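Listed here are the chains, written in short residue letters.
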Amino acid sequence: EQECLDTRFISDMLKQYHETQSVVHVPTSEELFALHLPLTQDAIDYALGSMYDYRPPSHMRRRVVVMWCKVAKLDKLWTEVDYRIEPFARGSNVYNFRKYLKSKENIEMGKVDEPMHIYVDRAAKQIGVYNGRCRFSNLRDAGVPYVPVMMSRGDANWLNKMDVIVPIMTEEDMCDN
């Protein structure tokens, strides 16, 4: 099963190369091995806590909030084709492969504090990402159901209406998942 997944991954990369005629990073065996290592629960818990405790710079505090969001619903709204990172289970994490791996390493080493920062395109009914694509994707791929996300207050209201924002969560709620 491992070989099948690696083969599909490399096949997707070669397909992208032929479609774009640009240089695509072909992963080393060490990178492929690291890609398949799961994040530890301790690392996930630490990253989620750090991201939730994040305080935006003072010039942004009145405009943005950090809210817990449902990963599956948020992911469905993330449809930017050029920058979207598909779930690894589908074998197509081609976009910025090294950055995705570095983000995974940073989560595991406890070097994550800033949550994904998004904006809402209400007309298109989708979200875009300013920062944190790889952090979010790694946590999504690890099966995390809720993540802290930074957004404008207006976007938080819209996402709340779309049932993406999680009502106030206690530590017990987070541990139940």
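Bear in mind the structure is a predicted one, so any value in this text is a computation, not a measurement.

Quick notes on the environment of Ala124
- With respect to the helices and strands, Ala124 occurs in the loop between strand E2 (116-121) and strand E3 (126-131).
- Sequence spacing of Ala124 and Thr79 is 45 residues, and the spatial spacing of their C-alpha atoms is 9.7 Å.

Digging into the pattern of salt bridges
- Tallied over the full model, the rule gives 6 salt bridges.
- Across the salt bridge formed by Lys73 and Asp163, the nearest N and O atoms sit 2.8 Å from each other. Of this pair, Lys73 sits in helix H4 (residues 71-77) while Asp163 is found in the loop between helix H7 (153-161) and helix H8 (171-175), placing the two residues 90 residues apart along the sequence.
- Classification of Asp163 by relative accessible area gives partly exposed; the value is 35%.
- As a salt-bridge pair, Asp141 and Arg140 come within 3.0 Å of each other at their nearest N and O atoms.
- Note on Asp141: relative accessible area 28%, which makes it partly exposed.
- Overlapping salt bridges bring together Lys70, Lys73 and Asp163 as one network.

Notes on the pairing of strand E4 (residues 146-152)
- Summarising burial for E4: 5 of the 7 residues are buried, a large majority.
- Pairing of E2 with E4 involves 2 bridges; the strand directions are parallel. Each bridged residue has a counterpart across the sheet, and for Met116 the counterpart in E4 is Val149.

Quick word on the nonpolar core
- The biggest cluster of nonpolar side chains holds 38 residues, and the ones touching the most others in it are Leu74, Ile118, Ile127, Leu139, Met151 and Leu159.
- A total of 5 residues in this core trace back to one element, the largest contributor, which is helix H3 (residues 41-53).
- Grouped together as the second largest cluster of nonpolar side chains are 5 residues, Tyr54, Met60, Val66 and Met150 included.

Quick notes on unusual backbone geometry
- Even without glycine at this site, Lys125 takes up a positive phi of about 55 degrees.
- Residue Lys125 is classed as exposed on the basis of its relative accessible area of 56%.

A closer look at the sheet that holds E2
- Pairing within the open sheet is mixed, and its 4 strands lie in the order E1-E4-E2-E3. Across the chains shown, the open sheet's two edge strands, defined by having one partner strand only, are strand E1 (64-70) and E3. Pairwise comparison of adjacent strand axes, ignoring direction, gives a mean angle of 45 degrees for this sheet.
- Across the sheet, H3 is in contact with E1 and E4; its angle to E4 comes to roughly 20 degrees.

Points about the packing of aromatic side chains
- One pass over the structure, following the stated rule, counts 3 aromatic pairs.
- An angle of 25 degrees between the planes, with centres 5.3 Å apart, marks the rings of Tyr52 and Trp68 as stacked. Linking Tyr52 in helix H3 with Trp68 in strand E1, this pair joins segments that are 16 residues apart in sequence.
- According to the relative accessible area criterion, Tyr52 is partly exposed, its value standing at 35%.
- A relative accessible area of 8% means that Trp68 is categorised as buried.
- A ring pair is formed by Trp78 and Phe136, whose centres lie 5.8 Å apart and whose planes are at 75 degrees; its orientation type is edge-to-face. Of this pair, Trp78 sits in the loop between H4 and helix H5 (97-108) while Phe136 sits in helix H6 (residues 133-141), and the two are 58 residues apart along the sequence.
- Taking the relative accessible area as the measure of exposure, Trp78 reaches 0% and is therefore buried.

Definitions and cut-offs
- Residues numbered from 1 in each chain as written.
- Predicted model: local features only at pLDDT ≥ 70, side-chain atom pairs only at ≥ 80, totals over all residues.
- Heavy atoms only, no water.
- Helix = DSSP H or I, 4+ residues; strand = E, 2+ residues; numbered from the N terminus.
- Salt bridge = Lys/Arg side-chain N within 4 Å of Asp/Glu carboxyl O.
- Buried < 20%, exposed > 50% of the residue type's maximum accessible area, 1.4 Å probe, protein only.
- Pairing = 2+ DSSP bridges.
- Core = buried A, V, L, I, M, F, W, Y, C linked by side-chain atoms within 4.5 Å.
- Axes fitted to C-alpha atoms, helices over the stretch in contact; angles between N-to-C directions.
- Contact = heavy atoms within 4.5 Å.
- Phe/Tyr/Trp six-rings, centres within 6.5 Å; stacked < 30°, edge-to-face > 60°.

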